[in-house]
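The residues making up each chain are set out below.
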Amino acid sequence: MDLGRRRFLALGAGAGLAVAGGGLLTACGGRPSLHTGGTLAVALPEYPAVLNPASGTSDVARWIADPVVEALYAYRDDTTLEPVLAAADPQVSPDGLTWTVRLRDGVRFGNGDAFDASHVAEVLRHVGQASTAGDWAPYLAGRFASVDAVAPDTVRIVLARPFGVLRQFLAALPVPHAATLGDPQALVGTGPFRADAVVPGQSVRLLRNDGYRGPKAPLDGMEFRIVADGTARTAELRAGRVRIDPRLGPEALKAVQKSGSLQAHAVPAPVDLVTALNLRRAPFSDIAVRRALAAGMDRRAVRDTVWKGFAQLGQGPVGPATEGWTDTYQWFGESVDADRVRVLLGEAGVPAPVRFTLLTTGPDEVRATAAALVTQWSRVGFDVRTEDVDADTWRRRRRAGDYDLALSLRRPAYATGRTAFDVLSPAASDHPDNTGYANPELDRLLAEAWATPDTSRRAKLCALANEILVRDAVMMPPVHPRLLVAQTRGVESLNEKQLALGRLELADLHLRS
């Protein structure tokens, strides 16, 4: 099956909840039908720092880049990978160190240049070096002992150590033209669309790539416009000036529900509340204090008041759309357990109240989550001061250890797919983002999880690692939010199996007449 033509999946996905006033549209019974041509307008909450997907992994950048730049593999649905630029599955040596990838013939970039193994090799070398990897550095820097184009249609990858999860990363990493690797704003790929006009900070326009090897894309073009305010994005949707808002807030969902011309998707996806506790200093160097903090959360209240019910109650860092998820392991309750908090703080022997600072960054929902938690904790012996900072300051202070508890929102799916690599790796004792936690058993589990190519085995290992982190109260997100996306009924329904990966599949959409 050609990866570019998966439109039939859009109507059969069951990964999420379609929310609309008046029922779902179909193309029958006198209702609007699909047609080819036209321009799809998408409202984005911000302009991405970089456009080149070999440098950045943000979802905003990839929503723009994905119709232009393809990867070696891609998810056919939310679990199954299939070749795109690759011609077949990689051949892996018995020791897991040498991967050979044969490439598809007859592929050209949007500028007319031929695609071959040299481009793939250059991209992999680029992301494999910390000095050039950009956002890919935490995932792929230092992984490759060598990468060679051994023939025009064949790439050989030699790993420094077994990394069975590499295939998932090869599905996440797009392959742009090698000549663009030095330009973080370049956008040249082999996909069904090509970049036409870029206005930095404002908009990006794509046009159909008529030289694409596969079936012709239904749309003439796409335009991505920056509409920072969520209320304004909903207004633009209602007015029909944009067709998709991929960053719908939980409050805005009510407005969408009331409109017969709009449809919303609420899908379990890799949307992660990061809760980083600094274990290198008091008070969270004490496991009893950390457990007391976790027992002092009202997870149900956070879900219902902040996220309006569109979230899964949390225990550890692995969420419902990530490998290793299980809802059977419940170490902490749904609501505050004041008696348990009292006993645990007594075990710790710390005087009340326990004071610390909560460092936050991100959208309004992060600040609202922080406010709810602070109120809950204040009732059971904690005195919390909040400090909201910009994302760069948050990352700098997080890396420097200048925090007690750091809270933010991450959307890592465009780098890691369904794997738990992003949420679990920081707990490893040798990880740059480790918060002071050291557990040889966890290190062993994670090392085996990333080495094995067996997805079932990896999921079991990640589930065990998640349980350890819950038990030791190292990471404690109160909820796992759903991905909320709104669209008008003037465009074909989005594929929810791709939304479950945090992805928009825009290239195959039709407008409705």
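Whatever comes next refers back to the structure up there.
Fair warning: this is a prediction, and the values are worked out from it, not measured in the lab.

Visitor: Break down the pairing of strand β19 (residues 405–410) for me, with residues and values.
Guide: Taken together, the 6 bridges between strand β15 (residues 272–277) and β19 define a ladder with antiparallel strand orientation. Paired with A276 across the strands is A406, a residue of β19. Here strand β17 (residues 354–360) runs beside β19; their pairing, made up of 3 bridges, is parallel. Paired with L358 across the bridge in β19 is L405.

Visitor: Outline the packing of aromatic side chains, listing residues and values.
Guide: Throughout the structure, instances matching the rule amount to 12 aromatic pairs. With 5.9 Å between their ring centres and 65° between their planes, F109 and F115 make a pair best called edge-to-face. When its relative accessible area of 2% is taken as the criterion, F109 is described as buried. With 5.9 Å between their ring centres and 35° between their planes, Y139 and F169 make a pair best called tilted. Linking Y139 in helix α3 (residues 137–140) with F169 in helix α4 (residues 166–172), this pair joins segments that are 30 residues apart in sequence. Accessibility expressed as a relative area gives 5% for Y139, which makes it buried.

Visitor: How would you summarise the packing of helix α8 (residues 299–306) against helix α10 (residues 364–378) if you had to cite specific residues and measurements?
Guide: Relative orientation of the contacting elements α8 and α10 amounts to 140°, with a least axis distance of 10 Å. α10 is crossed by α8, and the crossing has right-handed handedness. Contacts between α8 and α10 involve A301, V302 and V306 from the first element and E365, A368, T369, A372, L373 and Q376 from the second. When its residues are assigned to classes, the contact of α8 with α10 shows 6 nonpolar, 2 polar and 1 charged.

Visitor: Go over the sheet that holds strand β18 (residues 382–388), please, and point to the residues and values.
Guide: Strands sit in the order β15-β19-β17-β18 across an open sheet of 4 strands; the sheet is mixed. The sheet is open, and its two borders are formed by β15 and β18, each paired with just one other strand. Across the sheet, the mean angle from the axis of one strand to that of its neighbour is 25°, orientation sign disregarded.

Visitor: With reference to specific residues and values, describe the sheet that holds strand β6 (residues 91–92).
Guide: Spatially, the 4 strands line up as an open sheet ordered β6-β7-β9-β8, and their pairing is antiparallel. Looking along the sheet, the strands with just one partner apiece sit at the ends: β6 and β8 (144–151). Here strand β7 (residues 98–102) pairs with strand β9 (residues 154–159) via 5 bridges, running antiparallel. Bridge assignment links T100 to a residue of β9, and that residue is R156. Running over the sheet, helix α2 (residues 117–128) touches β8 and β9 and is turned about 170° from β8.

Visitor: Summarise the packing of helix α7 (residues 287–295) against helix α9 (residues 338–348); cite the residues concerned and give the values.
Guide: Packing of α7 against α9 leaves a shortest axis separation of 8 Å and a crossing angle of 165°. Judged by the angle between their axes, α7 and α9 are roughly antiparallel. In this structure, α7 crosses over α9, and the sense of that crossing is left-handed. Every residue of α9 that contacts α7 at A288, V289, R291, A292 and A295 is listed here: R340, V341, L344, L345, E347 and A348. Of the residues belonging to the contact of α7 with α9, the class tally is 8 nonpolar, no polar and 3 charged.

Rules used throughout
Residues numbered from 1 in each chain as written. Predicted model: local features only at pLDDT ≥ 70, side-chain atom pairs only at ≥ 80, totals over all residues. Heavy atoms only, no water. Pairing = 2+ DSSP bridges. Helix = DSSP H or I, 4+ residues; strand = E, 2+ residues; numbered from the N terminus. Phe/Tyr/Trp six-rings, centres within 6.5 Å; stacked < 30°, edge-to-face > 60°. Buried < 20%, exposed > 50% of the residue type's maximum accessible area, 1.4 Å probe, protein only. Axes fitted to C-alpha atoms, helices over the stretch in contact; angles between N-to-C directions. Left-handed = near helix turned anticlockwise from the far one by under 90°. Contact = heavy atoms within 4.5 Å. Nonpolar A, V, L, I, M, F, W, Y, C, P; charged D, E, K, R; others polar. Parallel < 35°, antiparallel > 145°, perpendicular 65-115°, else oblique.

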